[in-house]
Amino acid sequence: MTNSEPKIVAFCCHYCAFAAADLAGVLRLKYPPNVHIIRLPCTGKLDALYLLKAFEAGADGVIVAGCLEGSCHFISGNLRAKKRVLAVKSLLAKLGIAPERLEFFNLSSAQGDRFAQLAREMTERIKNLPNPSPLRGRGEPGVRGSGDEKEARL
Ligand code: FES
């Protein structure tokens, strides 16, 4: 992985996306090594603050991957997570950060190929945005991001 490779954090539900990522590994499907998986018991556990903290800690992109709609083991955790992701995307846009840096996906544990595919697509998407993310290091004293991403894209 080179320095220009984007860092992507994937918050994955234990029952589906994490199992799909595991299956992708078992099937030896290739996906970029810059996707760092954090396993959650359910995406309903995800707090909007975790998403912002991930960006602040250096992620250039964040994936949230939960069970298929109607298949969440905690009934509606994936629906709540999707709403939170949409709210944070809206917040990012207001801050001048490309909302495409954050995405929610539904997948089943049998979709190892889809996990590998979305990891590749998200990496390509982030590579087309200014790198690093303007939010990187914003929480550290004396460290500033590169500024408004809307301006950087013009
Ligand atoms: Fe998978 Fe809720 S158990 S998203």
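All of these numbers come straight from a predicted model, not from anything done at the bench.

Relative to the helices and strands, Phe11 resides in strand S1 (residues 8–13). With relative accessibility at 5%, the residue Phe11 sits in the buried group. With 52 residues separating them along the chain, Phe11 and Ile63 place their C-alpha atoms 6.1 Å apart. In this view, Phe11 contacts Ile38, Leu40, Thr43, Leu46, Tyr50, Leu51, Ala54, Val62, Ile63, Val64 and Ala65; residues no more than four positions away in its chain are not counted.

Mapped onto the elements, Ser133 comes out in the loop between helix H4 (112–127) and helix H5 (149–153). Judged by its relative accessible area of 1%, Ser133 falls in the buried class. Sequence separation between Ser133 and Gly58 is 75 residues, and the spatial gap between their C-alpha atoms is 7.5 Å. Not counting residues within four places of it along the chain, the set of residues in contact with Ser133 comprises Phe55, Ala59, Asp60 and Arg101.

Attention now goes to the side chain of Asn34. The residue Asn34 is located in the loop between helix H1 (17–26) and strand S2 (35–40) in this model. Judged by relative accessible area, which is 0%, Asn34 ranks as buried. A distance of 2.7 Å separates the side chain of Asn34 from the backbone oxygen of Pro6, its partner in a polar contact.

This next bit is on the pairing of S2. Pairing of S1 with S2 involves 6 bridges; the strand directions are parallel. By the bridge assignment for S2, Cys13 is matched with Leu40. The handedness of the S1 to S2 crossover, carried by H1, is right-handed.

Moving on, we get to the environment of Leu23. Note that Leu23 resides in helix H1. On the basis of relative accessibility, which here comes to 26%, the residue Leu23 falls in the partly exposed class. Taking the C-alpha atoms as reference, Leu23 lies 5.0 Å from Gly112; in sequence the two are 89 residues apart. Setting aside chain neighbours within four positions, we find Leu23 in contact with Ser109, Ala110, Gln111 and Gly112.

The rules behind these values
- Residues numbered from 1 in each chain as written.
- Predicted model: local features only at pLDDT ≥ 70, side-chain atom pairs only at ≥ 80, totals over all residues.
- Heavy atoms only, no water.
- Helix = DSSP H or I, 4+ residues; strand = E, 2+ residues; numbered from the N terminus.
- Buried < 20%, exposed > 50% of the residue type's maximum accessible area, 1.4 Å probe, protein only.
- Contact = heavy atoms within 4.5 Å.
- Polar contact = N/O pair within 3.5 Å; in protein donor to acceptor, adjacent residues only side chain to side chain.
- Pairing = 2+ DSSP bridges.
- Right-handed = clockwise from strand over helix to strand, strands pointing away.

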